[in-house]
Structure formats: structure tokens, C-alpha cells
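# Observations on chain architecture
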Amino acid sequence: MALIYGSTFGIRMLNVVEVLRHRETYRQHWHAHRILEMHYVLTGAITYEFTNGHPGVTIPGGSFLAIPAGIRHRAINNEGAPSVRCVTRWRTNQAATETCPFSAWEIRSFFRDILSNPLGAHHMTPRLAQTVRDVFHVVEDRVRAPFLRITVWSLLAETVLAIRSGEMAAPP
């Protein structure tokens, strides 16, 4: 696992970005976050379970999932096959958006769109998949870490464009 905190680079909206490479079966403990969490699965498949009555969902490679603040969940790799994913956690309050290159209206619109269908698997567009791969390289290769700012803002914008395309991911 590799991670970078957004505050390290002056990105107050971004709590953390993590790169996770799983090579075996695992089951996370139940937990919740006080902020929005985004899971981008590049390869393999990850199943997410929730305690709020929402059915579990399997996110295949090339897909992503939004988990709203406060939702208890856990990730499971029952297949035991390798999987690679990127996790971002976002602060959506007004104070966190002050250093953002987008207007307050755009940010509200972005997060409204992201949360319009939470806990469902969305298909990554080719541009979003490339942006997620770029995030992987930036996080894992600390030499390129200063490029995190532009890559993270691109990730947010490409996520919204993918959601607006309306394409849901097919089950694995």
C-alpha cells in the first residue's frame, strides 16, 4: 500500500489517496468514514458489503464506487485473485473547497452527481481509467509526487464525466 495525504500538497479537499495491490483473499473489518470515499478498481474485482440494508455490490476492474460519509462497509476479495484499486477520501464541506480550482457551484454540482447513485458500480471511461493509472504512478513514484495536484483535480472531473455518461458497470 502506498498513500499520500492531500494536506501534504495543499489539497484540503482530499483527505488521502491510497494505492492498494491485493494478491490474496482478504476481508476488511466493518468501518465507516466521516467523508466521501471513492473506490476505483483497475484490475480484479472487489466486493463491498454495507450494513445500511443496501445489498452488497461487486466492483469489477474498470469500474468505481462512491461510498457516502457515514455508511458502514467493508471490502472483500473472495476470489483470491490479484486486484488493484485506488481509494480517495474527500472532504465536501465549504472550508475544504477554498483551495480548489473549481467554483463552489461546480464542486456542489460534482458531489451531487457523484452521490446521485451511491453504492452502485459505475463504468470507468477510457479517460478516467487513464487518470486513475496516472494517480497510481504519482502515488507510487514519490519523485513525481508534485504532479499530484493536477492529477487529483483531473480525477475528480473525469469521475463526474463518467457518472454523467450514465453507464453502469456490468456484473463480473
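This text follows the structure it describes.
Everything in this summary refers to the structure shown in the same document. Quantities reported herein were computed from a predicted structural model and do not represent experimental measurements. (Residues numbered from 1 in each chain as written. Predicted model: local features only at pLDDT ≥ 70, side-chain atom pairs only at ≥ 80, totals over all residues. Heavy atoms only, no water.)

### A closer look at the pattern of salt bridges
Counted under the stated rule, the structure contains six salt bridges. Here Arg89 ties to Glu18 by a salt bridge, and the two come within 2.9 Å at their closest N and O atoms. Of this pair, Arg89 sits in strand E9 (residues 83-90) while Glu18 sits in strand E2 (residues 14-22), and the two are 71 residues apart along the sequence. You'll find Arg89 and Glu18 in the same group, each marked buried. Linking Asp113 and Arg164 is a salt bridge whose minimum nitrogen-to-oxygen distance equals 2.4 Å. Linking Asp113 in helix H1 (residues 104-114) with Arg164 in helix H3 (residues 148-165), this pair joins segments that are 51 residues apart in sequence. Overall, the relative accessible area of 46% leaves Arg164 in the partly exposed class. The network of salt bridges with shared partners includes Glu18, Glu37 and Arg89. (Salt bridge = Lys/Arg side-chain N within 4 Å of Asp/Glu carboxyl O. Helix = DSSP H or I, 4+ residues; strand = E, 2+ residues; numbered from the N terminus. Buried < 20%, exposed > 50% of the residue type's maximum accessible area, 1.4 Å probe, protein only.)

### Re the sheet that holds strand E5 (residues 45-50)
If you walk across this open sheet you meet the four strands as E3-E8-E5-E6, and the pairing is antiparallel. The two strands at the open ends of the sheet, each matched to only one other strand, are strand E3 (26-27) and strand E6 (57-60). In this sheet, strand E8 (residues 73-77) lies alongside E5 in antiparallel orientation, the contact comprising four bridges. When the bridges of E8 are listed, Phe50 appears paired with His73. (Pairing = 2+ DSSP bridges.)

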